[in-house]
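Structural features, examined
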Amino acid sequence: MLEINLSGLKLKSPLILASGILGVSYSSMKRIFNAGAGAVTSKSIGPRARKGYKNPSILEIYPGTFINAVGLGNPGIDNFLSEIKEIKENKIPLIVSVFGDTNQSYLNVATKAEQAGADAIEINISCPHAEVSSIGIDKDLTYSLVKTLKEKLEVPLFVKLNPNVTSIGEIALAAEKGGADGVVAINTLSAMVIDINTKRPILAHGSGGLSGRAIHPIAIKKVYDLYQLLKIPIIGCGGISTWKEVVEFILAGASAVQIGTALYRGVEIITEINNSLLNFLKINGYKSISELIGLSHEFKTQEVPDFD
Ligand SMILES: Cc1cc2nc3c(=O)[nH]c(=O)nc-3n(C[C@H](O)[C@H](O)[C@H](O)COP(=O)(O)O)c2cc1C
């Protein structure tokens, strides 16, 4: 079976919509849920409406691999409350991704989302092309933000980690110490493409975040390393486009996964992945997908060989 319990959230599948993709309206999130997702994560929502960066803001650079700098464009929490309410009326498990300028403004946005019915809050401290990334690169700022939110919120709190740091483990441990109920690994990787004819970066913002197929092995390594450090659940994210990448994430130590970029191919991939996962469990004699969590750690990696 694919049902999981993620920090108290009972989900029908471990597949969750990642933040920023089809996550601004009830109707798009309903399509993802109806296709078989266990939960949906909203676009990151801030204290006020924000336009985001100019175009070009997203571009496919290799098949299935994208670079984007959309700049956290969002309707602002007050304009988003009606969507949250509608999603909740339709009993769709909803994680609201939030960001702010200060601990207090993160808390204000998160509290409004919780009161409107969010089942969990995810904090975006990791977007590589926006100011919030400065929190996600500092363990003390991360600890203080998580602690501030945990003191007030009742629903589970997930922390979306920035992979663009020297030690993702240090930041994750700070989040765990602050009381986080789980971490999401990873957000996009800081990247740039330059047009050789105009001799300028192609994205209007200059740099952006890499997502999709190319980042999957990097995300697997981050999840693998985090599993050895953390007690709280890990939600794997990065480059899932088939069921095999989902299994890999779970073997590395993820309890659930998020899917973003690959949805450009259509929401049907969620149904396909669920069906293939069920088939994989059946063929291999597992009753529950949770039995696979962290199994790759049973393999002992080779020790450094001695010199002759
Ligand atoms: C166009 C676009 C917009 C995104 N916006 C957000 C966002 O608002 N908040 C956030 O936490 N992550 C955002 N992300 C990152 C994704 O949630 C995800 O972490 C990343 O894309 C890696 O997963 P993927 O390879 O499955 O897309 C965005 C990604 C893309 C491609």
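Residues numbered from 1 in each chain as written. Predicted model: local features only at pLDDT ≥ 70, side-chain atom pairs only at ≥ 80, totals over all residues. Heavy atoms only, no water.

**Focus on the pattern of salt bridges**
Pairs may arise between side chains of opposite charge once their charged atoms sit close together. Under the definition given, this model contains six salt bridges. Note that Glu-151 and Lys-147 form a salt bridge whose closest N and O atoms lie 3.1 Å from each other. You can see Glu-151 and its partner Lys-147 sitting in helix H5 (residues 139-152), four residues apart, about one turn around the helix. Its salt-bridge partner being Lys-221, residue Asp-225 comes within 3.1 Å of it at the nearest N-O pair. (Salt bridge = Lys/Arg side-chain N within 4 Å of Asp/Glu carboxyl O. Helix = DSSP H or I, 4+ residues; strand = E, 2+ residues; numbered from the N terminus.)

**Here we look at the site of the ligand**
The environment of the ligand is made up of 23 residues, and the closest members are Ser-19, Ser-44, Gly-212, Gly-239 and Thr-261. One nitrogen or oxygen atom from the main chain of Gly-212 is found 2.8 Å from an oxygen atom belonging to the ligand. Contacts to the ligand include Thr-261, whose side-chain N or O atom sits 2.6 Å from an oxygen atom. Bound to the protein, the ligand loses 96% of the 610 Å² it would expose on its own. Of the residues in the shell around the ligand, the class split is eight nonpolar, 13 polar and two charged. (Near = heavy atom within 4 Å. Polar contact = N/O pair within 3.5 Å; in protein donor to acceptor, adjacent residues only side chain to side chain. Areas by Shrake-Rupley, 256 points an atom, 1.4 Å probe, with all protein chains shown as cover. Nonpolar A, V, L, I, M, F, W, Y, C, P; charged D, E, K, R; others polar.)

**Overview of the sheet that holds strand E4 (residues 39-41)**
Strand order in the closed barrel made by the eight strands is E3-E4-E7-E8-E9-E10-E15-E16, with parallel pairing throughout. Looking at each pair of strands side by side, their axes are set apart by 25° on average, direction ignored. In this sheet, strand E16 (residues 256-259) lies alongside strand E15 (residues 234-237) in parallel orientation, the contact comprising three bridges. If you follow Ile-235 over to E16, its bridge partner there is Ala-256. Across the sheet, H5 is in contact with strand E8 (120-124) and strand E9 (157-160); its angle to E9 comes to roughly 160°. Where helix H9 (residues 268-284) meets the sheet, its contacts fall on strand E3 (15-17) and E16, and the angle it forms with E3 comes to roughly 165°. (Pairing = 2+ DSSP bridges. Axes fitted to C-alpha atoms, helices over the stretch in contact; angles between N-to-C directions. Contact = heavy atoms within 4.5 Å.)

**Some details on the side chain of Asn-74**
Tracing the sequence through the fold places Asn-74 in the loop between strand E6 (65-68) and helix H2 (77-89). For Asn-74, a relative accessible area of 6% translates into the label buried. A distance of 3.0 Å separates a polar side-chain atom of Asn-74 from the backbone oxygen of Leu-72. The residues touching Asn-74, leaving out its near neighbours within four places in the chain, are Lys-43, Ser-44, Ile-45, Gly-46, Arg-48, Ala-49, Arg-50 and Phe-99. (Buried < 20%, exposed > 50% of the residue type's maximum accessible area, 1.4 Å probe, protein only.)

**Describing the packing of aromatic side chains**
According to the stated counting rule, one finds two aromatic pairs in the structure shown. In this structure, Lys-177 is placed above the aromatic ring of Tyr-143, and the distance from its NZ or CZ to the ring centre is 4.8 Å. (Phe/Tyr/Trp six-rings, centres within 6.5 Å; stacked < 30°, edge-to-face > 60°. Lys NZ or Arg CZ within 6 Å of the ring centre and 35° of its normal.)

Everything listed here is a matter of coordinates, which is why it stays silent on function.
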